[in-house]
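# Tertiary structure, described
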Amino acid sequence: SHIQYERVGADVTMKCGSMDWDAAVTWTANGTDIDESHLNGSYLILKNVDLTHSGQYSCYEGSSWHLKYQTYLGVGTPPKEPVLMCRSNNYPKGFYCSWHLPTPTYIPNFFNISVIHGMREMVCEKDIFPKNRCHIKYLQLFSTVKYKVTLTVTNALGKNSTTLTFDEFAIVKPDPPESVVAKPVPNNPRRLEVSWQNPSSWPDPESFPLKFFLRYRPLILDQWQHVELSDGTSHTITDAYAGKEYIIQVAAKDNDIGTWSDWSVAVHATPWTEEPKHLTTEAQVTETTSASTSSFMPPPTTKICDKGAVVGSGAVAVCWTAGLVLAAYGVLFI
Amino acid sequence: MAAADSPSAALRRRDLCSRGIRLAGKMRSDVIDLLDTYVERQGLDASASVAAVEGVPVAAVERWDEQTGTQRLLENLAAYRAFRVLLSQMLEEHREQLGEADAALGRALASVLLQVSAFAYHLEELLRLESRGPPSEEGAPPPPAPHLGLFERKLRGLGVLRELAQWAVRSARDLRQLTKPSPGSVSAPIRAESP
């Protein structure tokens, strides 16, 4: 059995092995007979092939049905320039490079990567998974010499390559912080306590400390608040809107070099709110006199509430306790 | 030798390391700003490759994590003493070349030179704490600036500043290693009791 690869749009001629041109043959594609209109003598002619022409082609001698030739046809394209990315999420241990093709070729591709640092060629160990990735261990730290990474992709129809050149520091980007937790603070209607952990891939946070960026907003608003934290893995938000659910995320960066990580998984939390008190007496009074007081609407009340109970700017604070008391007074004076 | 392990010595060491780390951070930030200014004022290409410049201490190191505390201090001190000389030469050349025409660049160079000197002092103090004392600077005078053409001098200056920026990062890392109670530190500091 043979294998052949052809470009999309090409005209393909298949010979039936050593059979003469005028021999009587039958061609099949994936086990299905091919119409004689595609034959020129014993040659199979496929014009302007596309992806649907890929498959197993077999040629049988006319009368004996002996298999005379078999080939797998793969229709595809030569590779376009690959997309290459290199990053160090475990500084100072090393970095990894990963790649992909912007469009599929539909036929097998082979990738070769070379990493050069100054005069030295370094080994990029291929990862088992994902298979389009390899990693390099730093042999030197704090070097001003750039790294040059060249990725070449080859298939039966052509080759292409791309090169990245970068400084040791430029590609440092930690993974996002892990285990982000946000909790309300008891008896504090405007606070949320947020904590997180260094990404587990960052090997030595003591010697290579991370700094963090926290962002938060109530679900009902689009604008984020931001806080940058140079140390520690926790922070207390003190200006949350009472009773509103918040969305919170954290990002990390090496203290000195590189770029910010992606944002962590978002967590949700709502600040502590006071539980409504069980007011049996007032409720019963309101209930028994409701028929005669149906037209009476207690006015909205304001009181000098705790700042934390204000909901939104310019809003009037409604305090349940005062409202119920005034409702009860209203009932008594009718 | 007993003094090196005393609580006061440990606290002094930690204090010097903390201040040194902050100074290294500030120094790096200023060197990066100076690099931008230097490249612009000298008409250079920021991405130009500069071959290793003779006499400029190279920050690149292999097996950095295996270095002892003393090695770190000595290598840092040798580097910053060299940078002190190199920056002084750059400043002098700048004044000869441009006089007062580019005072901002001159001031930036002078500021970085001051920080380099301050950092070298920190390192000397750390070495004194170890009762080893810093190596003497007396003896042979610093090597004179090589006779280079104007463009070569500009490239050399670029190499000096780039390498200094790397050293500033390395130094902060080195000092953090010194504060760890591990083989990387000069000696295991005695932990202060928490309040």
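Quick caveat, the model's predicted, so the values are computed rather than measured.

### Observations regarding the overall build of chain A
Looking only at helices and strands, chain A has 2 helices and 24 strands in total. The buried share of chain A, reckoned over its 334 residues, is 39%. A separation threshold of at least 6 residues defines the contact pool for chain A, and within that pool the share at least 24 residues apart is 62%. Here chain A has roughly 19,100 Å² of accessible surface; of this, 53% comes from carbon and sulfur atoms.

### Points about the overall build of chain B
Assigned secondary structure in chain B consists of 4 helices and 1 strand. Along chain B, from the amino end to the carboxyl end, the secondary structure elements read α-β-α-α-α. Evaluated residue by residue, chain B yields a buried proportion of 48% over its 195 residues. Within chain B, contacts between residues at least 6 apart in sequence are counted, and of these 85% link residues at least 24 apart. Summing over all exposed atoms, chain B offers an accessible surface of approximately 9,800 Å²; the carbon and sulfur share of this is 55%.

### Things to note about the domain arrangement of chain A
When cut into domains, chain A gives domain 1 (2-76), domain 2 (83-166) and domain 3 (178-269). Taking only C-alpha atoms, the centre of domain 1 of chain A and the centre of domain 3 of chain A are 63 Å apart.

### Thoughts on the packing of aromatic side chains
On inspection of all chains with the given rule, the structure shows 19 aromatic pairs over all chains. For the pair B:Tyr80 and B:Phe119, a centre-to-centre distance of 4.7 Å together with 55 degrees between the ring planes defines the contact as tilted. Of this pair, B:Tyr80 sits in helix H2 (residues 69-98) while B:Phe119 sits in helix H3 (residues 103-129), placing them 39 residues apart in sequence. With relative accessibility at 0%, the residue B:Phe119 sits in the buried group. Put simply, the rings of A:Tyr91, A:Phe95, A:Tyr138, A:Phe142, A:Tyr147, A:Phe166, A:Phe208 and B:Trp64 touch in pairs and so form one group of aromatic residues. Above the plane of the ring of A:Trp224 lies A:Arg215, whose end atom (NZ or CZ) is 4.1 Å from the centre. When the ring centre of A:Trp224 is taken as origin, the NZ or CZ atom of A:Arg217, which lies over that ring, is 4.8 Å away.

### Focus: the interface of chain B and chain A
On the side of chain A, 18 residues touch chain B, which itself brings 17 residues to the contact. Across the chain B to chain A interface the summed buried area is about 1,600 Å²; carbon plus sulfur atoms make up 51%. When the buried surface of chain B facing chain A is broken down by residue, B:Gln166, B:Arg173 and B:Arg176 rank first, second and third, together holding 36% of it. As a salt-bridge pair, A:Asp256 and B:Arg176 come within 3.6 Å of each other at their nearest N and O atoms. On the surface where chain B and chain A come into contact, there are 12 residue pairs in polar contact (both at pLDDT 80 or more). Looking at the side of chain B that touches chain A, the elements with two or more residues in it are strand S1 (61-62) and helix H4 (150-179) of chain B. Top contributing element to the side of chain B that touches chain A by residue count: H4(B), with 9 residues. A breakdown of the residues in the side of chain B that touches chain A according to their chemical character gives 6 nonpolar, 2 polar and 9 charged.

### Re the packing of H2(B) against H4(B)
Geometry of a packed helix pair, given as the angle between the helix axes and the separation of the axes. All names here are of chain B. Here H2 crosses H4 at 150 degrees, and the two axes come no closer than 10 Å. On the basis of the axis angle, H2 is roughly antiparallel to H4. As for how H2 packs across H4, the hand of that crossing is left-handed. Class assignment of the residues belonging to the contact of H2 with H4 gives a composition of 14 nonpolar, 7 polar and 9 charged.

### Considering the sheet that holds strand S9 (residues 83-87) of chain A
Residue and element names in this part refer to chain A. With respect to topology, 4 strands assemble into an open sheet ordered S9-S10-S14-S13, the strand pairing being antiparallel. Edge strands, defined here as strands with exactly one partner in the open sheet, are S9 and strand S13 (125-126). Two elements, S9 and strand S10 (residues 94-100), share 5 bridges in a ladder whose sense is antiparallel. Bridge pairing in S10 links Met-85 to Ser-98.

### Some points on the sheet that holds strand S20 (residues 210-218) of chain A
Residue and element names in this part refer to chain A. Spatially, the 4 strands line up as an open sheet ordered S21-S20-S23-S24, and their pairing is antiparallel. Looking at which strands have only one partner, the edges of the open sheet turn out to be strand S21 (225-229) and strand S24 (267-269). Taking the axes of each pair of neighbouring strands and ignoring which way they run, one obtains an average angle of 25 degrees across the sheet. Examined bridge by bridge, strand S23 (residues 246-254) and S24 share 3 bridges and lie antiparallel to one another.

### What to know about unusual backbone geometry
Most peptide bonds take the trans form, and the phi angle of most residues other than glycine is negative. Residues A:Tyr91 and A:Pro92 are joined by a peptide bond in cis, for which omega reads 10 degrees. Note that A:Pro92 resides in the loop between S9 and S10. Positive phi, normally seen in glycine, also occurs at A:Asn187, with a value near 65 degrees. Position of A:Asn187 among the secondary structure elements: in the loop between strand S18 (178-185) and strand S19 (188-197). Taking the relative accessible area as the measure of exposure, A:Asn187 reaches 59% and is therefore exposed. Of note in the backbone geometry, B:Arg63 takes a positive phi value of approximately 55 degrees without being a glycine. As for its placement among the helices and strands, B:Arg63 is situated in the loop between S1 and H2. By relative accessible area, which is 55% here, B:Arg63 ends up exposed.

### Some details on a nonpolar patch on the surface
On the surface, A:Val8, A:Leu51 and A:Tyr106 cluster together into a nonpolar patch covering about 290 Å² of accessible area. Looking at the secondary structure, you find A:Val8 in the loop between strand S1 (2-7) and strand S2 (12-14).

### Comments concerning the nonpolar core
If you look at the biggest cluster of nonpolar residues, it comprises 93 residues, and the most contacted ones within it are A:Tyr91, A:Phe95, A:Ile248, B:Tyr80 and B:Leu87. Looking at this core element by element, the count peaks at 12 residues for helix H1 (residues 7-41) of chain B. Both of domain 2 (83-166) and domain 3 (178-269) of chain A provide at least three residues apiece to this core. If sequence neighbours within four positions are ignored, B:Leu87 has contacts with B:Leu109, B:Val112, B:Leu113, B:Val116, B:Val160, B:Leu161 and B:Leu164. A:Val12, A:Leu44, A:Leu46 and A:Val49 belong to the second largest nonpolar core, which has 17 residues in total.

Rules used throughout
- Residues numbered from 1 in each chain as written.
- Chains lettered and ligands numbered in written order.
- Predicted model: local features only at pLDDT ≥ 70, side-chain atom pairs only at ≥ 80, totals over all residues.
- Heavy atoms only, no water.
- Helix = DSSP H or I, 4+ residues; strand = E, 2+ residues; numbered from the N terminus.
- Buried < 20%, exposed > 50% of the residue type's maximum accessible area, 1.4 Å probe, protein only.
- Contact = heavy atoms within 4.5 Å.
- Areas by Shrake-Rupley, 256 points an atom, 1.4 Å probe, with all protein chains shown as cover.
- Domains from an automatic or database assignment.
- Phe/Tyr/Trp six-rings, centres within 6.5 Å; stacked < 30°, edge-to-face > 60°.
- Lys NZ or Arg CZ within 6 Å of the ring centre and 35° of its normal.
- Buried area = accessible area lost by both parts, 1.4 Å probe.
- Salt bridge = Lys/Arg side-chain N within 4 Å of Asp/Glu carboxyl O.
- Polar contact = N/O pair within 3.5 Å; in protein donor to acceptor, adjacent residues only side chain to side chain.
- Nonpolar A, V, L, I, M, F, W, Y, C, P; charged D, E, K, R; others polar.
- Axes fitted to C-alpha atoms, helices over the stretch in contact; angles between N-to-C directions.
- Parallel < 35°, antiparallel > 145°, perpendicular 65-115°, else oblique.
- Left-handed = near helix turned anticlockwise from the far one by under 90°.
- Pairing = 2+ DSSP bridges.
- Patch = residues over 30% accessible without salt bridge, like charges linked within 9 Å, V, L, I, M, F, W, Y side chains within 5 Å.
- Core = buried A, V, L, I, M, F, W, Y, C linked by side-chain atoms within 4.5 Å.

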